[in-house]
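# Chains, contacts and geometry: an overview
So the chains spell out like this:
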Amino acid sequence: TQLWQGPGDASLSFDVAHDQKFLYVAARVVDDRVVSGDRLQLRLDARSVSVRLGNSQLWEGTYYFTIDAPDEDGNTKLNVKAAYRKALPGTKVAARQTNSGYDVEVAIPIEFVISARQPDVMKIYDIEIANPTEFVRENQENQWQTFQFTPVVDDVDEPDQPSCSIVWRGTRDVHRRNTNYGHFVRSE
(Lines give C-alpha, C1' and ligand atoms only; values in the text may rest on other atoms or scores of the structure.)
Protein backbone atom coordinates (compact mmCIF):
# COMPACT_ATOMS: atom_id res chain seq x y z
CA THR A 1 0.00 0.00 0.00
CA GLN A 2 1.35 3.42 -0.94
CA LEU A 3 1.55 6.38 1.42
CA TRP A 4 -1.15 9.02 1.36
CA GLN A 5 0.29 12.43 0.49
CA GLY A 6 -2.55 14.59 1.88
CA PRO A 7 -5.94 15.95 0.73
CA GLY A 8 -4.66 16.92 -2.74
CA ASP A 9 -3.50 13.34 -3.33
CA ALA A 10 -6.89 11.80 -2.47
CA SER A 11 -9.85 13.10 -0.51
CA LEU A 12 -13.62 12.90 -0.68
CA SER A 13 -16.77 14.91 -0.14
CA PHE A 14 -20.22 13.42 -0.64
CA ASP A 15 -23.94 13.86 -0.10
CA VAL A 16 -26.77 11.36 0.31
CA ALA A 17 -30.43 11.95 -0.58
CA HIS A 18 -33.54 9.91 -1.41
CA ASP A 19 -36.92 10.01 -3.06
CA GLN A 20 -39.56 7.31 -3.40
CA LYS A 21 -37.58 5.41 -6.04
CA PHE A 22 -33.88 5.82 -5.27
CA LEU A 23 -31.24 6.39 -2.64
CA TYR A 24 -28.75 8.82 -4.22
CA VAL A 25 -25.05 9.25 -3.48
CA ALA A 26 -23.10 12.09 -5.09
CA ALA A 27 -19.36 12.15 -4.46
CA ARG A 28 -16.49 14.42 -5.43
CA VAL A 29 -13.09 12.74 -5.28
CA VAL A 30 -10.05 15.01 -5.24
CA ASP A 31 -7.12 13.21 -6.83
CA ASP A 32 -3.94 14.81 -8.17
CA ARG A 33 -3.67 12.09 -10.82
CA VAL A 34 -6.60 9.96 -12.01
CA VAL A 35 -5.23 6.66 -13.33
CA SER A 36 -6.39 3.09 -13.91
CA GLY A 37 -6.99 1.50 -10.53
CA ASP A 38 -8.50 4.61 -8.90
CA ARG A 39 -12.00 3.88 -7.68
CA LEU A 40 -14.72 4.75 -5.23
CA GLN A 41 -16.31 2.10 -3.02
CA LEU A 42 -19.70 2.59 -1.39
CA ARG A 43 -20.56 0.25 1.48
CA LEU A 44 -24.21 0.19 2.52
CA ASP A 45 -25.74 -1.74 5.41
CA ALA A 46 -29.50 -1.49 4.99
CA ARG A 47 -30.48 -4.04 7.64
CA SER A 48 -32.71 -2.94 10.51
CA VAL A 49 -31.04 -1.26 13.49
CA SER A 50 -31.65 -4.26 15.77
CA VAL A 51 -30.00 -6.62 13.28
CA ARG A 52 -27.03 -4.26 12.71
CA LEU A 53 -26.49 -3.84 16.45
CA GLY A 54 -26.71 -7.58 17.02
CA ASN A 55 -24.22 -8.43 14.28
CA SER A 56 -21.84 -5.91 12.70
CA GLN A 57 -20.62 -8.42 10.11
CA LEU A 58 -21.56 -7.47 6.57
CA TRP A 59 -24.12 -10.12 5.80
CA GLU A 60 -27.39 -10.45 3.88
CA GLY A 61 -28.88 -6.99 3.48
CA THR A 62 -25.52 -5.31 2.93
CA TYR A 63 -24.28 -3.97 -0.39
CA TYR A 64 -20.91 -3.14 -1.90
CA PHE A 65 -20.58 -0.81 -4.88
CA THR A 66 -17.31 -0.25 -6.74
CA ILE A 67 -17.13 2.59 -9.25
CA ASP A 68 -13.97 2.86 -11.32
CA ALA A 69 -12.69 6.40 -11.80
CA PRO A 70 -13.95 7.63 -15.17
CA ASP A 71 -11.67 7.99 -18.14
CA GLU A 72 -11.35 11.31 -19.98
CA ASP A 73 -14.54 10.54 -21.94
CA GLY A 74 -16.54 9.89 -18.75
CA ASN A 75 -16.66 6.13 -19.22
CA THR A 76 -16.73 4.21 -15.97
CA LYS A 77 -17.53 0.75 -14.70
CA LEU A 78 -19.98 -0.02 -11.90
CA ASN A 79 -19.68 -3.30 -10.03
CA VAL A 80 -22.40 -4.06 -7.50
CA LYS A 81 -22.30 -6.91 -5.02
CA ALA A 82 -24.88 -7.84 -2.47
CA ALA A 83 -23.82 -10.06 0.39
CA TYR A 84 -25.48 -13.43 -0.18
CA ARG A 85 -27.84 -12.04 -2.83
CA LYS A 86 -27.86 -11.44 -6.54
CA ALA A 87 -26.69 -8.16 -8.04
CA LEU A 88 -28.89 -5.09 -7.77
CA PRO A 89 -30.61 -4.50 -11.09
CA GLY A 90 -31.57 -0.90 -11.76
CA THR A 91 -28.60 0.73 -10.03
CA LYS A 92 -27.45 3.70 -12.13
CA VAL A 93 -24.12 5.53 -12.24
CA ALA A 94 -22.75 8.64 -13.92
CA ALA A 95 -19.19 9.91 -13.61
CA ARG A 96 -16.87 12.51 -15.08
CA GLN A 97 -13.31 13.66 -14.64
CA THR A 98 -12.75 17.15 -13.27
CA ASN A 99 -9.68 19.40 -13.06
CA SER A 100 -9.10 18.16 -9.52
CA GLY A 101 -10.19 14.49 -9.75
CA TYR A 102 -13.61 13.06 -10.57
CA ASP A 103 -17.31 13.22 -9.68
CA VAL A 104 -19.60 10.22 -9.27
CA GLU A 105 -23.37 9.99 -8.89
CA VAL A 106 -25.08 6.70 -8.02
CA ALA A 107 -28.82 5.96 -7.85
CA ILE A 108 -29.63 2.82 -5.82
CA PRO A 109 -33.19 1.49 -6.11
CA ILE A 110 -34.91 2.15 -2.77
CA GLU A 111 -36.48 -1.30 -2.88
CA PHE A 112 -33.11 -2.76 -1.83
CA VAL A 113 -33.06 -0.59 1.27
CA ILE A 114 -36.58 -1.78 2.05
CA SER A 115 -36.08 -5.46 1.15
CA ALA A 116 -32.86 -5.73 3.20
CA ARG A 117 -35.06 -5.67 6.28
CA GLN A 118 -37.29 -8.56 5.22
CA PRO A 119 -36.87 -12.28 5.89
CA ASP A 120 -37.48 -14.83 3.13
CA VAL A 121 -40.86 -15.71 4.69
CA MET A 122 -42.84 -13.44 6.98
CA LYS A 123 -45.88 -14.16 9.16
CA ILE A 124 -48.54 -11.55 9.78
CA TYR A 125 -51.51 -12.53 11.95
CA ASP A 126 -50.74 -16.22 11.31
CA ILE A 127 -50.81 -15.65 7.53
CA GLU A 128 -47.59 -16.71 5.86
CA ILE A 129 -46.30 -14.19 3.30
CA ALA A 130 -44.05 -16.03 0.84
CA ASN A 131 -42.69 -12.91 -0.83
CA PRO A 132 -42.38 -10.31 1.94
CA THR A 133 -40.38 -7.88 -0.21
CA GLU A 134 -43.30 -7.54 -2.61
CA PHE A 135 -45.75 -7.32 0.30
CA VAL A 136 -43.72 -4.52 1.90
CA ARG A 137 -43.38 -2.71 -1.42
CA GLU A 138 -47.16 -2.77 -1.89
CA ASN A 139 -48.22 -2.08 1.70
CA GLN A 140 -45.45 -0.17 3.46
CA GLU A 141 -43.69 1.76 0.72
CA ASN A 142 -40.62 3.58 2.04
CA GLN A 143 -41.13 2.64 5.68
CA TRP A 144 -37.39 2.33 6.20
CA GLN A 145 -35.88 4.76 8.71
CA THR A 146 -32.10 4.26 8.89
CA PHE A 147 -29.08 2.70 7.25
CA GLN A 148 -25.32 2.66 7.79
CA PHE A 149 -22.97 3.76 5.05
CA THR A 150 -19.36 4.62 4.32
CA PRO A 151 -17.51 5.60 1.15
CA VAL A 152 -13.92 4.47 0.58
CA VAL A 153 -11.54 6.01 -1.97
CA ASP A 154 -8.93 3.69 -3.46
CA ASP A 155 -6.14 5.84 -4.88
CA VAL A 156 -3.16 4.74 -6.95
CA ASP A 157 -0.53 7.12 -8.26
CA GLU A 158 0.89 4.78 -10.88
CA PRO A 159 -1.22 2.40 -12.98
CA ASP A 160 -1.34 -1.20 -11.72
CA GLN A 161 0.27 -0.30 -8.40
CA PRO A 162 -1.25 -1.11 -4.97
CA SER A 163 -3.85 1.39 -3.79
CA CYS A 164 -4.05 3.52 -0.70
CA SER A 165 -7.56 3.37 0.81
CA ILE A 166 -9.08 6.45 2.42
CA VAL A 167 -12.06 5.45 4.59
CA TRP A 168 -14.61 8.09 5.59
CA ARG A 169 -15.95 6.18 8.61
CA GLY A 170 -15.04 2.65 9.65
CA THR A 171 -12.14 0.60 10.88
CA ARG A 172 -9.39 -1.49 9.31
CA ASP A 173 -12.10 -4.15 9.06
CA VAL A 174 -14.28 -1.90 6.84
CA HIS A 175 -14.64 -4.67 4.24
CA ARG A 176 -16.13 -7.12 6.77
CA ARG A 177 -17.87 -5.07 9.48
CA ASN A 178 -20.04 -1.95 9.72
CA THR A 179 -18.25 -0.76 12.88
CA ASN A 180 -18.09 3.06 12.87
CA TYR A 181 -19.90 3.43 9.52
CA GLY A 182 -21.94 6.62 9.39
CA HIS A 183 -25.52 6.21 10.60
CA PHE A 184 -28.08 7.92 8.36
CA VAL A 185 -31.64 8.64 9.42
CA ARG A 186 -34.44 9.20 6.92
CA SER A 187 -35.95 12.67 6.76
CA GLU A 188 -38.95 13.74 4.74
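Residues numbered from 1 in each chain as written. Predicted model: local features only at pLDDT ≥ 70, side-chain atom pairs only at ≥ 80, totals over all residues. Heavy atoms only, no water.

## Some words on the nonpolar core
Grouped together as the largest cluster of nonpolar side chains are 29 residues, with contacts concentrated most on L23, L40, L42, L44 and F65. Contributions of two or more residues to this core are made by β1 (10-18), β2 (22-31), β3 (39-45), β4 (62-68), β5 (78-82), β7 (101-109), α2 (110-115) and β10 (146-155). (Core = buried A, V, L, I, M, F, W, Y, C linked by side-chain atoms within 4.5 Å. Buried < 20%, exposed > 50% of the residue type's maximum accessible area, 1.4 Å probe, protein only. Helix = DSSP H or I, 4+ residues; strand = E, 2+ residues; numbered from the N terminus.)

## A short note on the pattern of salt bridges
Under the defined criterion, the tally for this structure stands at seven salt bridges. For R33, the salt bridge goes to E158, with nearest N and O atoms at 2.9 Å. With a gap of 125 residues between them, R33 in the loop between β2 and β3 and E158 in the loop between β10 and β11 (164-167) connect regions that are remote in the sequence. With its nearest N and O atoms 2.8 Å apart, the salt bridge here joins D45 to R47. (Salt bridge = Lys/Arg side-chain N within 4 Å of Asp/Glu carboxyl O.)

## Focus: the pairing of β10
Burial runs high along β10: ten of the ten residues are buried. Residues T146, Q148, T150, V152 and D154 line one face of β10 and the alternating positions F147, F149, P151, V153 and D155 line the opposite face, and both faces are buried. Pairing geometry for β3 and β10, over seven bridges, is antiparallel. Of the residues in β10, the one forming a bridge with R43 is T150. Here β10 pairs with strand β12 (residues 182-185) via four bridges, running antiparallel. Across the sheet, residue Q148 finds its bridge partner in β12, namely H183. (Pairing = 2+ DSSP bridges.)

## Concerning the side chain of Q41
Relative to the helices and strands, Q41 resides in strand β3. According to the relative accessible area criterion, Q41 is buried, its value standing at 1%. At 3.0 Å, the side chain of Q41 forms a polar contact with the side chain of R43. Once you skip the residues sitting within four places of it in the chain, Q41 turns out to touch Y64, F65, T66, T150, P151, V152, D154 and H175. (Polar contact = N/O pair within 3.5 Å; in protein donor to acceptor, adjacent residues only side chain to side chain. Contact = heavy atoms within 4.5 Å.)

## Digging into the confidence of the model for the protein chain
Looking at the protein chain, pLDDT values average 80 and 77% of them are 70 or higher. Within the protein chain, strand β8 (residues 122-124) has the poorest average pLDDT of any element, 40, and β2 the best, 94. In the model, residues 118-127 has pLDDT below 50 throughout and makes 21 contacts with residues more than four positions away in sequence or in other chains. Note that residues 135-142 has pLDDT below 50 and, in this model, 17 contacts with residues that lie over four places away or in other chains. (pLDDT = per-residue confidence, 0-100.)

## Regarding the environment of D31
Secondary-structure assignment places D31 in strand β2. Taking the C-alpha atoms as reference points, D31 and N99, separated by 68 residues in sequence, lie 9.1 Å from one another. Apart from residues lying up to four places away in sequence, D31 is in contact with G8, D9, D38, S100, G101 and D155. Of note is the side chain of D31, whose polar atom sits 3.1 Å from the backbone nitrogen of R33.

## What to know about the side chain of T66
By the secondary structure assignment, T66 is in strand β4. Leave out the neighbours within four places in its chain, and T66 touches R39, L40, Q41, K77, L78 and N79.

## Observations concerning the packing of aromatic side chains
As enumerated under the stated definition, the model contains six aromatic pairs in all. Geometrically, the ring pair formed by F22 and Y24 is tilted, given 5.8 Å between the ring centres and 45° between the ring planes. Relative accessible area serves as the criterion here: at 15%, F22 is assigned to the buried category. Residue class for Y24 comes out partly exposed when judged on its relative accessible area of 31%. Between F147 and F184, the ring centres sit 5.3 Å apart and the planes meet at 5°, which makes this aromatic pair stacked. Placement of F147 in strand β10 and of F184 in strand β12 is noted, with a sequence separation of 37 residues between them. According to the relative accessible area criterion, F147 is buried, its value standing at 3%. Positioned above the aromatic ring of W168, the side-chain terminus of R169 is 5.9 Å from the ring centre. (Phe/Tyr/Trp six-rings, centres within 6.5 Å; stacked < 30°, edge-to-face > 60°. Lys NZ or Arg CZ within 6 Å of the ring centre and 35° of its normal.)

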